[in-house]
Every structure is written in structure tokens, then in C-alpha cells.
Amino acid sequence: MVTKHTIIMGLSIGFLLRKDKTNKKGETPVFCRISYHGKRVDFQTEIKIPMDRWLPPVVKLEKNGDQVFIKGTSEVIKSMNRLLNKMRGRILNAYTDLVNEGEEIRLQKLKAVAKGEEEKGITLMEALDRLTHRGGLRYHTKRKIKISIQNLKLFLRDEYNKEDIYLTDLLKESYKGFDIRYVDWCTTKTTIRFDGSTRLPKKHQTAIKEVRHFRQAVNIAMQLGEIKTNPLIAKFKIPKDERPKRVILTLDELKQIMEVDLSDKRGMDRIRDCFVFQCFTGLAFSDIVDLKPEHLIEQGERTWIIKERVKSSTVAKMPLLPQAKFVLDKYKDDPVCLSKGVLIPVITSGNYNTYLRMIAECVGIDKHLTSHVGRRTFATLVYNAGTDRSKLKEMTGHTNEAITEIYASLANETIAKEMDKFEGLFTD
């Protein structure tokens, strides 16, 4: 049962009775609802009344302009009406101030103002939602964060009977060990999701990764001055039996993939060539997708691949080896490459990995091949050929900016000599 809303510039303020919250005395609590551009927040006011006292959603005003929500002439009823009008006035004033000052309209702030409370800052859900909208995040990363948010909502419901909490609440004694409790809940409890489906316990590794999302969101809030310290400080170790096995091709296995005849299987042949190119450049799948002619730089007697990595924005730099150049030459007149302005025709990562598994079966390699195996194989073989780790970091585009800066001064001739060692593994 909702009163007629006050609506101004996208903001809607209404009051309603929650029949499901009626107590044994027959008193029903009055809730306030604030809506703004498709989002809303409901919260309980201090008022509880019999349902027959609630006026229908038709505006009735006092002489002073106040709206009448509850019928009656007693001082108690009048004070209740004054309280609801005062609450609505606070929200409108706060909203107007935010608009005039050009600040973000946050429903939690308007809620705090309406209740006469000190503004507690943003909530944990708001911090995580902000994390999903950060620039540079890949689709799969955003998807994982959203899954973490859904699981967090279940955890708050099951363990704290809450829909959300303020970041500052995490500093309270009652929320001490929040991250530890989450991992325990995530790995041991079976619960019912909001859609009625069953959520089973997850691996320890999965829970730890989700806690890292929470910690990252709080760290951003710290940088913005919204919370002083990050209370999510527990240190977790992934059990050895849950650590993913690092699949790497041996030199002989790589040669088998390079030499297998796939000429009658055009799709598999293209995937094989793309994978071989990864093994000789160390580029990730996302970097190969948009590899363009401008990423090939002639310096001295060598052609170099110099490209900003999609994932980390650091620069990967390595000489173009003959085996990699062979792949580029093969597709220089390919219609797909010419139409898209790229150097290698590739398909979606899901199909890419599916084809790689088929190629492994065709060659007789009992390993789970994925696009990242190519990048990992490159790094391992180059290092085993005698290349120093520092030079390898520059070739692969290390994510640590400090280390990248240290090794950015390496001379191209030095890296070229190191790559000669790797190239020599494929010459008789």
C-alpha cells in the first residue's frame, strides 16, 4: 500500500505499509521508498500503525502544506505525519544540494539523511559494483566479479541476516574475520539461491579468488578516502591438491604439432598455426586477435613485434623468429586478415581451445591444451635455452611496472642474442 509519490527530476519518494511485517498488536510498520533512475532503496521508519489508519494514495494537505499520510486528529497522529513530512523534506533538500554541487546521487546517502543519521559512506555491494565498471576489465573478469557479488549476497543473508553492509561496518567487532568466515561458508555450506536453485560448497581456491575481489573493492575505497583501513587482511593459501597444473609443451611435442599434416582440415590448420605463433612469440590469445601490421617494427637487421598487451597495458617486445614469420607470410593474403586489417585469422577463444584439444588428440599428446599453454611454453623454452629472467620479462610484457621500468633500458641487441639461443633449438 503506497502513498502518492513525490517525483522530481528522476527522484521518487514514497511511503508504504509492509503487511508482512505486522506485529501481534496489529501494528504495521511504515517504510520509506526512494527511487532514482531505476534503482531504489526501502527502509523502515519509526512509525507503526493499524492498517485502517493509512490513507489511500490521494494527496491530502494540511493548511501549512504538509501531506497527511495517517488519518486522525490526536497529537500522536499529528507527530507521525510531521515526522514523515520532515523525512521527505530532508531527502528533497539533500537531493537538491547534490544536484547543485554536481555530486553523484547515491541512494544510501539519501537514506542516511532521511533517517537523520551520519552518512556512513558506500556499502560493500556499491564498492563491488563500482569495481565491475572499472575501465580495462575484460568480459570474463567482470563476469567473475558479478558471480562473487551474488555469492556475497547469499553469505550476508545466511550469516548476518543482511542484504548489504557499509564498508565502515567491516571495522566493527561483530564483523571481525569477515573474510575468514566467508571462505568457511563458501567451502562448507549448501544454501538456496534467490532463484530457488541449490548452491553447493565450492573449492577453497574459488572462495579465495572471490575474497580477492572483495579486498580489491575495499582497496579502491581506501584510495578514494572512503574507509581508513582494509579489514580484509586474512592470508590464505591454496591447497596443493587444488593448485592448477601448469601445462607446458616439451620441445619434441611442439615439433610434433608443427609437423603434423592438417592441410585437409582447414579450421584445425589455422588454429595450429595460431598456436605455433604463440609458442614462438609468447603473445596471449587476446593480443594475437588484434595483432596488426603496425605492431611489426623494422630495427636493424631484424623485424620486431612491439605491442601493448590487452590485459595489462604493458609493452611486449620480442624479435620475430623465422617460425613465427612463416605463419605471418602464410596468411598475408588471407581474405579474413585483409578485411579486418589483422595478421592472423583467429576465431573465438572457446572454439580455439576446443580445436587445440582435437589437435592434441590428432598428434597423440596427452595434455590439456589451451591458448595460454602457448604463452607458457614460449616462456619456459626460452628460459631453458639460457635466457635470463629479466630479459624474458621484457619479451612477455611483465605486469609489474617497477620491474618493467628496470628492464626497459635493455638494448635490443641483447634481447636479440638471447632469442638466437631459442631459435637455435630448431636448427640442425
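Predicted, not measured: the structure shown is a model, and the values here were computed from it.

### With respect to the pattern of salt bridges
The final tally for this structure, using the stated rule, is 16 salt bridges. A salt bridge links K172 to D169, with the nearest nitrogen and oxygen atoms 3.1 Å apart. Take K172: its relative accessible area is 42%, and that puts it in the partly exposed class. Between D273 and K330 there is a salt bridge, with its nearest N and O atoms 2.7 Å apart. Placement of D273 in helix α8 (residues 266-281) and of K330 in helix α10 (residues 322-330) is noted, with a sequence separation of 57 residues between them. Looking at K330, the relative accessible area reads 37%, which means it is partly exposed. Salt bridges here are not isolated pairs; linked through shared partners, they connect D269, R272, D273 and K330.

### Section: the side chain of H295
Within the secondary structure layout, H295 lies in the loop between α9 (285-289) and β7 (296-299). A residue is classified by how much of its surface remains accessible, and H295, at 16% relative accessible area, is buried. Those residues within four positions of H295 in sequence are excluded, and the remaining contacts are D290, W304, I305, I306 and K307.

### A short note on the sheet that holds β7
Within the open sheet, the 3 strands sit side by side as β7-β8-β9. Their pairing is antiparallel. Of all strands in the sheet, those bounded by a partner on one side alone are β7 and β9 (315-319). Between one strand axis and the next, the sheet turns through 30° on average, direction left out of account. Here 5 bridges tie strand β8 (residues 302-308) to β9, and the two strands are oriented antiparallel to one another. Along β9, the bridge assignment pairs K307 with A316.

### Comments concerning the side chain of H213
One can find H213 in helix α6 (residues 204-223). Residue H213 is classed as buried on the basis of its relative accessible area of 14%.

### A word on α6
Its 20 residues give α6 an end-to-end C-alpha distance of 29 Å, which sits within 8% of 28 Å, the value for a rise of 1.5 Å per residue. Of the positions making up α6, those classed as buried are Q205, A207, I208, E210, V211, H213, F214, A217, V218, I220 and A221. Tucked inside the fold, the buried residues of α6 contact α3 (124-132), α4 (139-160) and α5 (178-188). Of the residues flanking the end of α6, it is G225, one or two places downstream, whose phi is positive at about 75°.

### As for the nonpolar core
Across soluble globular proteins, nonpolar side chains show a tendency to be buried alongside one another. Residues I257, F275, F277, L283, I344 and I359 are the most contacted members of the largest nonpolar core, which totals 40 residues. Where this core is concerned, the elements lending two or more residues are α7 (251-259), α8, α9, β9, α10 and α12 (349-363). The contact partners of I344, leaving out residues within four places of it in the chain, are C274, F277, I288, V327, L328 and C337. Counting 31 residues, the second largest nonpolar core, distinct from the first, contains L124, A127, L131 and Y175.

### Comments concerning the pairing of strand β4 (residues 39-49)
Along a regular strand, successive side chains alternate from one face of the sheet to the other. Relative to β4, strand β3 (residues 28-36) runs antiparallel, the two being bridged by 8 bridges. Within the sheet, the bridge partner assigned to C32 lies in β4 and is F43.

### Focus on unusual backbone geometry
Despite not being glycine, H37 has its phi angle at roughly 50°, a positive value. In this structure H37 comes out as exposed when scored by relative accessible area, which is 59%. Despite not being glycine, N161 has its phi angle at roughly 55°, a positive value. Looking at where N161 falls in the secondary structure, it is placed in the loop between α4 and α5. What makes N161 exposed here is its relative accessible area of 67%.

Rules behind the numbers
- Residues numbered from 1 in each chain as written.
- Predicted model: local features only at pLDDT ≥ 70, side-chain atom pairs only at ≥ 80, totals over all residues.
- Heavy atoms only, no water.
- Salt bridge = Lys/Arg side-chain N within 4 Å of Asp/Glu carboxyl O.
- Buried < 20%, exposed > 50% of the residue type's maximum accessible area, 1.4 Å probe, protein only.
- Helix = DSSP H or I, 4+ residues; strand = E, 2+ residues; numbered from the N terminus.
- Contact = heavy atoms within 4.5 Å.
- Pairing = 2+ DSSP bridges.
- Axes fitted to C-alpha atoms, helices over the stretch in contact; angles between N-to-C directions.
- Expected span 1.5 Å × (residues − 1).
- Core = buried A, V, L, I, M, F, W, Y, C linked by side-chain atoms within 4.5 Å.

Scope: geometric values only; no functional claims are made or implied.
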